[in-house]
Amino acid sequence: MRFLDMWNPFTFVGFDIASKRQIEETVRELYNSKPHVAATLGFALAGLSAAMSGAMWNGIAATLVVLTCLLFRLGMEQFLITRSMGELVQKWIRLFVFGSLLSGFGWGLSGALLLYGTSAQTQALTMAIACAIMHGAAGRAYMMPGTALINITFIIGQMSIAAYLGGNYIYIPAFFLYFAFLASFILQMVSNRLCQLHAEQTADRLYQEITEKNELLRIANETLATKAHEDPLTGLANRRKFDLVIAERLAEASQKWSAISLMIIDVDHFKLFNDTYGHQSGDECLQHLTRAISATISTPGSLVARYGGEEFVVILPGQDGAEARVTAENTRIAVRFTSLDMLPNTPPRQTISIGLVSCEAGSLMTRDAMLTAADAALYEAKKQGRNRVCVYSDMSQEQPQSPPAGVQL
């Protein structure tokens, strides 16, 4: 930012690149009246010194001026505190500029009154207080440099006039040297502020990009994990997913002392279907049958998985033998009534054979044992002519246990 551009009192450094939060925080900081309280106390002390050295009216007038300015600034701050800043940030900036310039003029007038016709001790004290105020204004000028520069000009200008009228000519070049120092300091502060805002803007943008990339990566990982456990043709769980879930469901059944059933489903004469209608039709047939099978499985925690080729497995947690038999029959009937007329060459409806095994509450059976039993029942269904449900019934080696203490059946 050029030096001349900084003289505009309404220039808000970085307004176009700062976030709404940063702008609101800066405006609230600008309205802070603590520096004005310190300035008022300093001039009041100098006024007391003037009164004690014989320039009573100078001291009283200077104190009344800074007190008036302080009361106005306190009113401004209270006005901001009791109201929401909302979208009207420009309105608060204009009000700040008016109040700030009023304070700058008041400080300059008080400094001039305390510098003209007072003792050397009062003049030295006034100079020290005025320099402290101007240095404080320069330190906050990185936000709105125009108001700070004009306020410093008010103070130096009025005190230079008072020094000239009082014959203290040496003060005038000292004032101008001090102004040059403060102006260069403000210029550097503004440059640093702009660099900071640009850096914060870049950091926010990079953080947003990283957040978006992390979210995309998370979605990609979830998709990849899903795909790793999903059969690409049917969209069902694959054998890997089945192995994970069956172990979890068996553990839950043992812990909760509940039943669990397992079905193995095989599409009847599917090799002949592929040979007759082609593998493309065979794939579409499996997709239609998959939807029919899935529609009949509604047990919470259940899983339908493609086990391989035209073979499927279904886990039915919480279902005993009677309930699982009903589910299996519903599945067989749903497939039997699934039309394949939309496929090329209009193949006939297909049938399935189901091998079912149920592990009652308290029975001990492993994954491999259940699969072996369900496979044996499936073999029996095929042997009896297909399109039927067969239940594995040789459970003589699996004796129910007594439920553990605290488990309610």
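The rules behind the values
- Residues numbered from 1 in each chain as written.
- Predicted model: local features only at pLDDT ≥ 70, side-chain atom pairs only at ≥ 80, totals over all residues.
- Heavy atoms only, no water.
- Helix = DSSP H or I, 4+ residues; strand = E, 2+ residues; numbered from the N terminus.
- Contact = heavy atoms within 4.5 Å.
- Pairing = 2+ DSSP bridges.
- Axes fitted to C-alpha atoms, helices over the stretch in contact; angles between N-to-C directions.
- Core = buried A, V, L, I, M, F, W, Y, C linked by side-chain atoms within 4.5 Å.
- Buried < 20%, exposed > 50% of the residue type's maximum accessible area, 1.4 Å probe, protein only.

A. Layout of the environment of leucine 343. Positionally, leucine 343 belongs in the loop between helix H11 (321-336) and strand E4 (352-359). Along the primary structure leucine 343 and glutamine 280 are separated by 63 residues, whereas in three dimensions their C-alpha atoms are 9.5 Å apart. Sequence-distant contacts of leucine 343, that is, excluding residues within four places in its chain, are made with Phe273, Ser281, Glu284, Cys285 and His288.

B. Main features of the sheet that holds strand E2 (residues 303-308). Strand order in this open sheet of five strands is E2-E3-E1-E4-E5, and the pairing throughout is mixed. Both edges of this open sheet fall to E2 and strand E5 (389-391), since each of them pairs with a single strand only. Between one strand axis and the next, the sheet turns by 20° as a mean value, whatever way the strands run. Where strand E1 (residues 260-267) and strand E3 (residues 311-317) come together, seven bridges link them in antiparallel fashion. Among the inter-strand pairings, isoleucine 265 is bridged to a residue of E3, identified as phenylalanine 312. Sheet strands in contact with H11 are E1, E3, E4 and E5, and its direction is about 165° off that of E4. Against the sheet, helix H12 (residues 367-383) touches E1, E2, E3, E4 and E5, its axis set at about 140° to E4.

C. Seen up close, the nonpolar core. Core analysis: the largest hydrophobic core is formed by 37 residues, its most contacted members being Leu115, Met134, Ile152 and Ile186. Elements with a contribution of two residues or more to this core: helix H2 (34-52), helix H3 (56-81), helix H4 (89-115), helix H5 (120-139), helix H6 (145-165) and helix H7 (171-228). Sequence-distant contacts of isoleucine 186, that is, excluding residues within four places in its chain, are made with Met6, Ala138, Ala141, Pro145, Ala148, Leu149 and Ile152. Counting 25 residues, the second-largest nonpolar core is a separate cluster that includes Met263, Ile265, Ala324 and Leu356.

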